[in-house]
Amino acid sequence: MTPHKKELRRDPEYLTPIYRMALEQFGQAADQLSLDPNVRKRFTDPKRAIMVNIPIRLDDASVEVFHGYRVHHDTTLGPSKGGIRYHPDVNLGECSALAMWMTWKCALMGLPFGGAKGGIRCDPHALSRNELQRLTRRFTAELIQFIGPEVDVPAPDVGTNGQIMAWMMDTYSQFKGYPVPEIVTGKPIAIGGSLGRTEATGRGVVFCIMEAFAHLKMQPKDKKIVVQGFGNVGAHASAILQAEGCKVIAVSDVKSGLVNKKGIDIPALMKHLETNDYIESFQGGERITNAELLELPCDVLVPAALSEQITDENANRISCKILAEAANGPTTPKADKILRERGVFVIPDILANAGGVTVSYFEWVQGLQNLFWKEQEINDRLKDIMCNAFRAVLSLSISEKVDMRLAALMLSIRKITTAKKARGLFP
Ligand code: GLU
């Protein structure tokens, strides 16, 4: 073998455990579809991955350099789309896996987008507001060649929010010389954000849970819900589930969990968190750890935090009927197998949490057209897209005798493959 070929056989830098997990899921679906090997190769690696070093001046006048990433996995169906994550564990492999999941998610929902994800390895809680602003603006400037309303459209993810999007939008607009609100989604209403976007991911999770209840002949009333993670997604999903008559018996954040068999007062907890950083200081239940919370007997478990929470180590002790994956990648393939054998009904991440990017799509369309929709119209359209996607996945899972994750992946991969074949391979 020539040295050149040997070199080619080395693993790419993004082939980390989480990327291998995304690849394993893809591989199972590709096998099930007997996917053309030439197409399979093209999905295996991200289209492009940008790594930037971001120098900023901290408040004490010293300079710190942060590592930032943006990965575009696929752009067959349209500009790439996906969130920006600020977290100490952000790395190239994680962004690449999350970008691949965005590709499947957008295709499954029928959105004209490819998949992307990015982020900065940092602890956003340890940075001041001014430091965060400088970090966000310099990151945006470093990515300026690789983002744009027709190129790649960022959105919030773990550790980022509407304010971060507003700074990204302003920085991009300064470079262009005119306002470009459609460069990001999940931005504040005042600069062209969409009504309903903040609640959208949580709302979409609830639409899926209601569909699963109907399929399993369960009534929402008093169903016991456990939610891991009380960020934007977990908090809104909890509030909407409670409004639907369910009983949220446990929630958690990075520090600790809270359990109350009678049901936690979610609006009171949300109010409490407006002025307090953590659930810990809220009275209204008993403390438990995040690990204990995942194993509480319940009807629906909603992991709404980070990836790889349900593994072969704890999957045997998970005791829910429905697992609604509000987070991206919360269940490892080994755990998936155990849950399948134990008869847990899994609503996979690319379906369950797709409400966020769906309303991001609405926001992008509204921005491009300068025509804004009423909140009711947004929620109705979201419901329509989510429930149709759920039913399509369920029906394929029944007809092909595969689980919901495999069915969802198969539907997405099939759609993009048809498009890839129609476009052909350049040159
Ligand atoms: N970060 C969210 C996700 O993982 C939203 C992405 C978007 O709206 O573009 O789906």
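The structure contained in this document is the topic of the report that follows. Small disclaimer: the values here were computed from a predicted structure and weren't measured. (Residues numbered from 1 in each chain as written. Predicted model: local features only at pLDDT ≥ 70, side-chain atom pairs only at ≥ 80, totals over all residues. Heavy atoms only, no water.)

Observations regarding the packing of aromatic side chains
This is how the line gets drawn: Only Phe, Tyr and Trp rings take part, Trp by its six-membered ring, and two of them pair if their centres are within 6.5 Å. Stacked means planes under 30 degrees apart, edge-to-face means over 60, and tilted covers everything else. Secondary structure elements follow DSSP: runs of H or I of four or more residues count as helices, runs of E of two or more count as strands, with numbering from the N terminus. Accessibility here uses a 1.4 Å probe with only protein chains present; expressed as a share of the type maximum, an area under 20% marks a residue as buried, one over 50% as exposed, and anything in between as partly exposed.
Going through the model one piece at a time under the given rule, you end up with 10 aromatic pairs. Pairing Phe 26 with Phe 43 gives two aromatic rings, centres 5.7 Å apart and planes at 70°, and the pair type is edge-to-face. Here Phe 26 is found in helix H2 (residues 17–33), whereas its partner Phe 43 is found in helix H3 (residues 37–44), with 17 residues between them in sequence. As far as burial versus exposure is concerned, Phe 26 and Phe 43 are alike and both buried. Arranged with centres 5.3 Å apart and planes meeting at 70°, the rings of Phe 43 and Trp 104 form a pair that is edge-to-face. Remark: Trp 104 occurs in helix H4 (residues 92–108) and Phe 43 occurs in helix H3; sequence separation between them is 61 residues.

A look at the site of the ligand
Put simply, the test is: When we say a residue is near a molecule or strand, we mean one of its heavy atoms is within 4 Å of it. Residues adjacent in sequence count toward polar contacts only when both atoms are side-chain atoms; beyond that, a polar contact is any pair of N or O atoms within 3.5 Å, and within protein one must be able to donate a hydrogen and the other to accept it. Only the protein chains shown count as covering a residue, and every accessible area follows the Shrake-Rupley method with a 1.4 Å probe. In this classification, the charged set is Asp, Glu, Lys and Arg, the nonpolar set is Ala, Val, Leu, Ile, Met, Phe, Trp, Tyr, Cys and Pro, and all remaining amino acids, among them Gly, are polar.
Contacts to the ligand come from 14 residues, most closely from Lys 81, Lys 105, Lys 117, Asp 157 and Ser 360. A distance of 2.7 Å separates an oxygen atom of the ligand from a polar side-chain atom of Lys 105. Interatomic distance of 2.5 Å between a side-chain N/O atom of Ser 360 and an oxygen atom of the ligand. In the complex, 94% of the free accessible area of the ligand, which totals 290 Å², lies under the protein chains. For the shell around the ligand, the elements supplying multiple residues, two or more each, are strand S3 (80–87), H4, strand S5 (152–156) and helix H13 (355–369). Tallied by class, the residues present in the shell around the ligand amount to four nonpolar, five polar and five charged.

Notes on the packing of H2 against helix H15 (residues 404–423)
Heads up, the condition is: Lines fitted to C-alpha atoms define the axes, with helix axes restricted to the stretch in contact, and inter-axis angles between N-to-C directions lie between 0 and 180 degrees. By definition in this entry, angles of less than 35 degrees are roughly parallel, angles greater than 145 are roughly antiparallel, angles of 65 to 115 are roughly perpendicular, and the rest are oblique. Contacts are assigned to residue pairs that have any heavy atoms within 4.5 Å of one another.
Contact pair H2 / H15: the axes reach a minimum separation of 9 Å and the direction vectors enclose 70°. Overall, the two elements H2 and H15 adopt an arrangement that is roughly perpendicular. Facing H2, whose interface residues are Gln 25, Phe 26, Gln 28, Ala 29, Gln 32 and Leu 33, H15 presents Arg 405, Leu 406, Leu 409, Met 410, Ile 413 and Arg 414. Its residues assigned to classes, the contact of H2 with H15 shows seven nonpolar, three polar and two charged.

A word on the side chain of Asp 74
Of note, Asp 74 is situated in strand S2 (residues 63–74). What makes Asp 74 buried here is its relative accessible area of 4%. Side chain to side chain, Asp 74 and Thr 76 meet in a polar contact 2.8 Å long. The residues contacting Asp 74, other than those within four sequence positions of it, are Phe 43, Ser 80, Thr 103, Gly 114, Gly 115, Ile 416 and Lys 420.

Brief notes about the sheet that holds S2
Counted only if it meets this: Between any two strands, at least two bridges found by DSSP are needed for them to pair.
In spatial order, the strands read S1-S2-S4-S3-S5; together these five strands make up an open sheet with mixed pairing. Each end of this open sheet is capped by a strand with a single partner; those strands are strand S1 (48–57) and S5. In this sheet, neighbouring strand axes are inclined to one another by 25° on average, regardless of whether the strands run parallel or antiparallel. Here 10 bridges tie S1 to S2, and the two strands are oriented antiparallel to one another. Paired with Arg 57 across the two strands is Val 63, which belongs to S2.

Considerations on the pairing of S3
Here is the rule: The handedness of a crossover follows from its direction of travel: if, with the strands pointing away from the viewer, the path from the first strand over the helix to the second runs clockwise, the crossover is right-handed.
Counting buried positions along S3 yields eight of eight residues, so the element is predominantly enclosed. Inspection of the sheet shows S3 paired to strand S4 (residues 114–121) by six bridges, in the parallel sense. Note on S4: the bridge partner recorded for Tyr 86 is Ile 120. You can see the chain leave S3, run along H4 and come back into S4, and the turn it takes is right-handed. One ladder, built from five bridges, connects S3 with S5; its direction is parallel. Residue Ser 80 lies in a different strand from S5, and its bridge partner there is Asp 152.

Side note on a positive patch on the surface
As a reminder, the rule being used: A patch is a set of surface residues, each over 30% in relative accessible area and not in a salt bridge, joined within 9 Å for like charges and within 5 Å for the nonpolar side chains Val, Leu, Ile, Met, Phe, Trp and Tyr. Note on definitions: salt bridges are taken to be side-chain nitrogens of Lys or Arg within 4 Å of carboxyl oxygens of Asp or Glu. Within this scheme the basic residues Lys and Arg register as positive and the acidic residues Asp and Glu register as negative, but His and the chain ends are omitted. The location of each charge is read from NZ of Lys, CZ of Arg, CG of Asp or CD of Glu.
There is a patch of like positive charges on the surface, built from Arg 42, Lys 47, Arg 48 and Arg 423. Here Arg 48 lies in strand S1.

Focus: the packing of helix H7 (residues 197–215) against helix H8 (residues 232–243)
In helix packing, the relevant descriptors are the interaxial angle and the interaxial distance, both defined with respect to the helix axes. Condition: Helix crossings fall into two classes, left-handed where the near helix is turned counterclockwise from the far one by less than a right angle and right-handed where it is turned clockwise.
It is the contact of H7 with H8, at a shortest axis distance of 7 Å, that shows an interaxial angle of 50°. Put simply, H7 runs oblique to H8. Our pair here, H7 against H8, has a crossing hand that is right-handed. On H8, the residues touching Thr 198, Glu 199, Thr 201, Gly 202, Arg 203, Val 206, Ile 209 and Met 210 of H7 are Asn 232, Val 233, His 236, Ala 237, Ile 240 and Leu 241. Taken together, the residues that form the contact of H7 with H8 break down as seven nonpolar, five polar and two charged.

Details of the sheet that holds strand S12 (residues 345–347)
Strands sit in the order S9-S8-S7-S6-S10-S11-S12 across an open sheet of seven strands; the sheet is mixed. If you trace the sheet from one side to the other, it starts and ends with strand S9 (286–288) and S12, each paired once. The sheet shows a mean angle of 20° between the axes of neighbouring strands, direction not considered. With two bridges connecting them, strand S10 (residues 300–303) and strand S11 (residues 322–324) associate as parallel partners. Bridge pairing in S11 places Val 300 opposite Ile 322.

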